[in-house]
Amino acid sequence: MSRIAFLGLGHMGLPMAVNLVKAGHEVQGFDPVPAAVDAARAAGIPIAASGADAAADADAVITMFPAGKHVLDAYHGGLLAAARPGTLFIESSTIAVDEARAAHALALAAGHRNIDAPVSGGVVGAENGTLAFMVGGSDEDFAAALPLLEAMGKRIVHCGGSGLGQAAKVCNNMVLAVSQIAVAEAFVLGERLGLEHQALFDVVSQASGQCWSITTNCPVPGPVPTSPANRDYQPGFAGALMAKDLGLALQAIEQTSTDARMGRLAQQLYAAYAAGDGGGRDFSGIITDIRDSAPRS
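Cut-offs applied
- Residues numbered from 1 in each chain as written.
- Predicted model: local features only at pLDDT ≥ 70, side-chain atom pairs only at ≥ 80, totals over all residues.
- Heavy atoms only, no water.
- Helix = DSSP H or I, 4+ residues; strand = E, 2+ residues; numbered from the N terminus.
- Rg over C-alpha atoms; globule rule 2.2 N^0.38 Å.
- Buried < 20%, exposed > 50% of the residue type's maximum accessible area, 1.4 Å probe, protein only.
- Contact = heavy atoms within 4.5 Å.
- Areas by Shrake-Rupley, 256 points an atom, 1.4 Å probe, with all protein chains shown as cover.
- Lys, Arg positive; Asp, Glu negative; His and termini not counted.
- Charge placed at Lys NZ, Arg CZ, Asp CG, Glu CD.
- Core = buried A, V, L, I, M, F, W, Y, C linked by side-chain atoms within 4.5 Å.
- Axes fitted to C-alpha atoms, helices over the stretch in contact; angles between N-to-C directions.
- Parallel < 35°, antiparallel > 145°, perpendicular 65-115°, else oblique.
- Nonpolar A, V, L, I, M, F, W, Y, C, P; charged D, E, K, R; others polar.
- Pairing = 2+ DSSP bridges.
- Right-handed = clockwise from strand over helix to strand, strands pointing away.
- Phe/Tyr/Trp six-rings, centres within 6.5 Å; stacked < 30°, edge-to-face > 60°.
- Salt bridge = Lys/Arg side-chain N within 4 Å of Asp/Glu carboxyl O.
- Left-handed = near helix turned anticlockwise from the far one by under 90°.
- Polar contact = N/O pair within 3.5 Å; in protein donor to acceptor, adjacent residues only side chain to side chain.

## Observations concerning the overall build of the protein
- Assigned secondary structure in the protein consists of 13 helices and eight strands.
- For the protein, whose C-alpha radius of gyration is 20 Å, the value lies close to the compact-globule estimate of 19 Å for 297 residues.
- For the C-alpha atoms alone, the extent of the protein along its principal axes is close to 65 × 45 × 30 Å.
- Burial statistics for the protein: of 297 residues in total, 48% are counted as buried.
- Counting contacts in the protein only where the partners sit at least 6 residues apart, residues at least 24 apart contribute 66% of the total.
- Summing over all exposed atoms, the protein offers an accessible surface of approximately 13,300 Å²; the carbon and sulfur share of this is 58%.
- Positive and negative side-chain charges of the protein, numbering 18 and 28 respectively, have mean locations separated by a distance of 2 Å.

## Side note on the nonpolar core
- Residues F6, M16, L20, I90, F133 and L149 are the most contacted members of the largest nonpolar core, which totals 32 residues.
- Within the residue set of this core, elements represented by two or more residues are strand 1 (3-7), helix 1 (13-22), helix 2 (34-42), strand 3 (60-63), strand 4 (88-91), strand 7 (131-136) and helix 7 (139-152).
- With six residues, helix 7 is the largest single contributor of residues to this core.
- Filtering out sequence-adjacent residues up to four positions away, F6 remains in contact with G13, M16, A17, L20, V27, Q28, G29, F30, I62, M64 and M152.

## As for the environment of C218
- Summarising the element assignment, C218 is placed in the loop between helix 10 (212-215) and helix 11 (239-256).
- Residue C218 is classed as buried on the basis of its relative accessible area, which comes to 0%.
- C218 sits 38 residues away from Q180 along the chain, and the two C-alpha atoms are 8.5 Å apart.

## Focus on the packing of helix 8 (residues 164-193) against helix 12 (residues 261-278)
- The contact between helix 8 and helix 12 brings their axes to 9 Å, and the two run at 70°. One element, helix 8, and the other, helix 12, form an angle in the roughly perpendicular class. In this structure, helix 8 contributes M174, A177, V178, Q180 and I181 to the contact, and helix 12 contributes M262, G263, A266, L269 and Y270.
- A breakdown of the residues in the contact of helix 8 with helix 12 according to their chemical character gives eight nonpolar, two polar and no charged.

## Examining the pairing of strand 1
- Judged by how many residues are buried, strand 1 sits mostly within the fold: four of five residues are covered.
- In this sheet, strand 2 (residues 26-30) lies alongside strand 1 in parallel orientation, the contact comprising five bridges. Paired with I4 across the two strands is V27, which belongs to strand 2.
- Handedness of the β-α-β unit built from strand 1, helix 1 and strand 2 comes out right-handed.

## Here's the deal with the packing of aromatic side chains
- Within this structure, the stated rule accounts for four aromatic pairs.
- Measuring from centroid to centroid gives 5.5 Å for Y75 and F89, while their planes differ by 70°, and the two rings are edge-to-face. One end of the pair, Y75, is in helix 4 (residues 68-82); the other, F89, is in strand 4, and 14 residues separate them in sequence.
- For F89, a relative accessible area of 0% puts it in the buried group.
- Ring centres of F237 and F283 lie 5.6 Å apart, and the angle between their planes is 80°; on these two criteria the pair is classed as edge-to-face. Of this pair, F237 sits in the loop between helix 10 and helix 11 while F283 sits in the loop between helix 12 and helix 13 (286-293); the two residues are 46 residues apart in sequence, bridging distant segments of the chain.
- In this structure an aromatic cluster arises from ring pairing among F237, Y270, Y273 and F283.

## Side note on the pattern of salt bridges
- This model, assessed by the stated rule, comprises seven salt bridges.
- Here R3 ties to D59 by a salt bridge, and the two come within 3.9 Å at their closest N and O atoms. One end of the pair, R3, is in strand 1; the other, D59, is in the loop between helix 3 (51-55) and strand 3, and 56 residues separate them in sequence.
- Residue classification places R3 among the partly exposed positions, given a relative accessible area of 31%.

## Re the pairing of strand 7
- Burial analysis of strand 7 places five of its six residues in the buried class, the great majority of the element.
- Relative to strand 7, strand 6 (residues 119-120) runs antiparallel, the two being bridged by two bridges. The partner of V119 across the bridge, within strand 7, is F133.

## Things to note about the packing of helix 8 against helix 11
- As a packed pair, helix 8 and helix 11 sit with axes 9 Å apart at the nearest point and diverge in direction by 115°. As for the relative orientation of helix 8 and helix 11, their crossing is left-handed in sense. The segment helix 8 lies against helix 11, with K169, V170, N173, M174, L176 and A177 engaging M242, D245, L246, L248, A249 and I253.
- Looking at side-chain class alone, the contact of helix 8 with helix 11 contains nine nonpolar, one polar and two charged residues.

## Points about the side chain of H112
- Locating H112 in the fold gives a position in the loop between helix 5 (97-109) and strand 5 (113-116).
- A polar atom in the side chain of H112 sits 2.8 Å from the backbone oxygen of L80.
- Reaching out from H112, the side chain makes a polar contact with the backbone nitrogen of T87 at a distance of 3.4 Å.
- With sequence-adjacent residues up to four places away left out, H112 is seen in contact with L80, A83, R84, P85, G86, T87, F89 and A107.

Laid out in structure tokens, this is it:
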């Protein structure tokens, strides 16, 4: 059993913390949002007075924050100083690669260990303990974190050194965004050509166009009953989060001078979707923007 401080108890963090408790670990949480604290207490997670208080006696500190700024602010703001020497910091927020490496350097300078371990799988994966973790850090720190990650996820991949977990995450989500847009465009084109949704699904889901964006996150109601399209695009994975992740992808594209035209276009489309009414809807709901904007002959 490990003593774990879990900081960030939102839609993803809370079920992750609950799964750690189910696995036999002692968890103390913190979140600055009162509604998140109330939900955590209702789920049986003890709440500390602050993040620093939660970290003071922990073997590991897991952070699940909205952005890299929040991670670095917490590290600079006393979180690292409050922890015992050698504490393992597991950064599961999705942040920029350079921010992950900056957090890693701060943790090491303070006498701690650190890995970046962003996740994929959404709220359903967090609730079911089936998340995928992409991990950047040393072999030794990866091995130390593995029992904790296995309590929350089903697939854990060590991607290399510091920051490379975040690198894998940003690349994965760029692929996901591009494929979700392509699937949405295909369904809109099929509608215009007179194809029934089920007929197009039956073809593509078993042909060379098969991908997660159609077989699991199908953007039209019917063919996949569990997809967000069947509940008015309730996320799932919100459009605002996809727009944020694609902003990180764009930053990486520009830093590395990569010719990634589809990634750039996906970023533009999801930024517009999130700025409209798609920020709080599932990212597959971008089909509504495509349907409304696609010109008719």
